[in-house]
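# A closer look at the structure
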Amino acid sequence: MDTNSQGFHEETSVLSNLPETEWKLVANTTLLGWKGFWLTHHIMKSVISIENQFNPLPSDILLVSFPKTGTTWIKALTATILRHNSNLDSDSQTDPLQTQNPHELIPFLELETFGESPSRDINQVPSPRVFNTHLPYSILPEAVKNSGCRIIYISRNPADTFVSTWHFYNKRFGTKIPLEVAFDEFCQGTVGLGPFVDHVFEYWLEREKENVLFVTYEELKDDPKKHVSRIAEFLGCSLSADEIDQVVWKCSHERLSKLDVNKDEERVHWSGMKFSSYFRRGVVGDGKNLLSPEMMERIETLANQRWEGSGLEIKMFGAEPNPVKSLGIN
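Residues numbered from 1 in each chain as written. Predicted model: local features only at pLDDT ≥ 70, side-chain atom pairs only at ≥ 80, totals over all residues. Heavy atoms only, no water.

- The name given to the protein in an unreviewed UniProt entry is Sulfotransferase, with the source organism recorded as Rhododendron simsii.
- Under the heading Sequence similarities (unreviewed entry), UniProt records this for the protein: "Belongs to the sulfotransferase 1 family." (UniProt positions renumbered as here; feature names shortened; annotations may be inferred.)

Given below as structure tokens:
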């Protein structure tokens with residue numbers, strides 16, 4: 001039996017024995033249970049490919065997030081910081097964000113470089129190689145954990161995460177299930193890459209490692225210069241105060257959402273979503289605009305109970321009563 005055939009049979013055997021559940025919000029998608037999390041079939045196949053084929057380098061940078069917690073923003077920030085540090089972005093004419101969406105600049109590890117039909121050749125990714133992933137820490141291959149590569153994890157208030165997810169998938173699939181049903185799924189954790197509270201918790205527990213940086217959407221919104229400086233320092237980049245100001249502005253919601261590349265109806269993400277879909281509101285506290293007080297209490301209690309005693313608390317995620325001005329990106 002050749003290697004490809006052996007890999008196919010191993011994959012089929014693994015997938016056929018996993019527990020299943022239905023994700024109603026996303027076009028009645030079937031999810032597979034793996035290591036305490038729920039993954040779609042194509043993500044599960046990619047996990048197997050990454051485990052078998054990915055050879056991480058110590059110089060690699062991995063941007064990690066639960067979906068709809070600031071992935072686009074952290075991609076834009078990282079790409080811009082690295083360009084400034086390399087003196088490649090000294091003026092607006094060399095700013096790639098003017099002509100490319102952040103998702104075009106940094107490939108998605110699970111589907112663009114690995115999986116059934118990868119669209120990006122990993123050998124063509126320039127050094128330092130930067131990838132993003134939504135995989136929980138426990139599902140990352142041991143090769144990644146042992147490589148010393150830098151990991152930046154961004155998280156967000158669970159209520160705002162759910163609301164952003166609700167709007168995103170409704171726009172993509174036109175899902176007609178009641179809000180309460182989707183919310184119940186989210187709280188139960190039976191969503192893609194869920195449970196959310198466990199996803200966040202795993203990376204929080206790794207934050208003391210020198211190669212792991214844990215940031216929140218809310219603290220980036222509250223003091224972007226301070227936390228962009230943190231990210232730059234973590235990446236080994238020496239930027240002046242003026243350069244930090246430029247990074248914050250170039251990657252702001254106000255600027256990126258108005259660029260032609262992100263408004264062009266003909267330009268779409270590899271998933272089929274228009275780039276404009278990644279720039280909705282970008283505010284803290286949006287959950288309160290859609291969820292009832294009872295729903296807010298449920299999701300906050302769920303998070304605090306799971307994180308109890310760890311130092312991770314819901315108040316870190318900007319659970320104030322009034323939304324603040326928009327700087328962030330979903």
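Here the narrative resumes.
## A word on the sheet that holds strand E2 (residues 29-34)
- Across the sheet, 3 strands lie side by side as E1-E2-E3; this open sheet has antiparallel pairing. The outermost strands of the open sheet, each flanked by one partner alone, are strand E1 (20-23) and strand E3 (37-40). Averaged over all neighbouring strand pairs, the angle between strand axes comes to 45°, with direction disregarded.
- Both E1 and E2 contribute to a ladder of 4 bridges, which runs antiparallel. Opposite Thr 21, over in E2, you have Leu 31 as the bridge partner.
- Each of E1, E2 and E3 touches helix H2 (residues 41-53); the most contacted strand, E3, lies at about 100° to it. (Pairing = 2+ DSSP bridges. Helix = DSSP H or I, 4+ residues; strand = E, 2+ residues; numbered from the N terminus. Axes fitted to C-alpha atoms, helices over the stretch in contact; angles between N-to-C directions. Contact = heavy atoms within 4.5 Å.)

## Examining the packing of helix H9 (residues 196-204) against helix H14 (residues 293-307)
- Direction vectors running N to C along H9 and H14 enclose 35°, while the axes themselves pass 10 Å from each other. As H9 runs across H14, the sense of the crossing is right-handed. Residues Phe 196, Val 197, Asp 198, Val 200 and Phe 201 of H9 pack against Leu 302, Ala 303, Arg 306 and Trp 307 of H14.
- Considered class by class, the residues forming the contact of H9 with H14 number 7 nonpolar, no polar and 2 charged. (Left-handed = near helix turned anticlockwise from the far one by under 90°. Nonpolar A, V, L, I, M, F, W, Y, C, P; charged D, E, K, R; others polar.)

## Examining the sheet that holds strand E5 (residues 130-133)
- Ordered in space as E5-E4-E6-E7, the 4 strands form an open sheet in which the pairing is parallel. For this open sheet the edge positions go to E5 and strand E7 (212-216), each flanked by a neighbour on one side alone. If you compare each strand with its neighbour and ignore which way they point, the axes differ by 20° on average.
- Inspection of the sheet shows strand E6 (residues 150-155) paired to E7 by 5 bridges, in the parallel sense. Among the inter-strand pairings, Ser 155 is bridged to a residue of E7, identified as Thr 216.

## Focus: the packing of aromatic side chains
- For the structure shown, the criterion picks out 16 aromatic pairs.
- Aromatic pair Tyr 153 and Tyr 203: ring centres 4.4 Å apart, planes at 10°, arrangement stacked. Here Tyr 153 is found in strand E6, whereas its partner Tyr 203 is found in helix H9, with 50 residues between them in sequence. Comparing Tyr 153 with Tyr 203 shows no difference in burial state: the two are buried.
- One aromatic cluster is present, built from ring pairs that chain together Phe 66, Phe 162, Trp 166, Phe 183, Phe 186 and Phe 196.
- When the ring centre of Trp 204 is taken as origin, the NZ or CZ atom of Arg 207, which lies over that ring, is 3.8 Å away.
- Cation over ring: Arg 255 sits above Trp 249, and NZ or CZ is 4.6 Å from the ring centre. (Phe/Tyr/Trp six-rings, centres within 6.5 Å; stacked < 30°, edge-to-face > 60°. Buried < 20%, exposed > 50% of the residue type's maximum accessible area, 1.4 Å probe, protein only. Lys NZ or Arg CZ within 6 Å of the ring centre and 35° of its normal.)

## Some thoughts on the pattern of salt bridges
- Counted under the stated rule, the structure contains 11 salt bridges.
- Two residues, Arg 255 and Asp 95, come together in a salt bridge whose shortest N-O distance is 2.8 Å. One end of the pair, Arg 255, is in helix H13 (residues 253-256); the other, Asp 95, is in the loop between helix H3 (71-85) and helix H4 (102-105), with 160 residues separating them in the sequence.
- Its relative accessible area of 3% is what places Asp 95 among the buried residues.
- One salt bridge in this structure joins Glu 208 and Arg 207, with 3.7 Å as the shortest N-O distance. (Salt bridge = Lys/Arg side-chain N within 4 Å of Asp/Glu carboxyl O.)

## Some words on the pairing of E6
- Summarising burial for E6: 5 of the 6 residues are buried, a large majority.
- Direction of pairing for strand E4 (residues 61-65) relative to E6: parallel, over a ladder of 5 bridges. Looking at E6, one finds that Ser 65 is bridged to Ile 154.

## Describing unusual backbone geometry
- Cis geometry marks the peptide bond from Ser 127 to Pro 128; its omega dihedral reads -5°.
- With respect to the helices and strands, the residue Pro 128 is situated in the loop between helix H5 (109-113) and E5.
- Across the junction of Gly 194 and Pro 195, the peptide omega takes the value 10°, indicating a cis bond.
- Positionally, Pro 195 belongs in the loop between helix H8 (179-188) and H9.
- For Lys 35, which is not glycine, the phi dihedral falls at a positive 55°.
- Take Lys 35: its relative accessible area is 49%, and that puts it in the partly exposed class.

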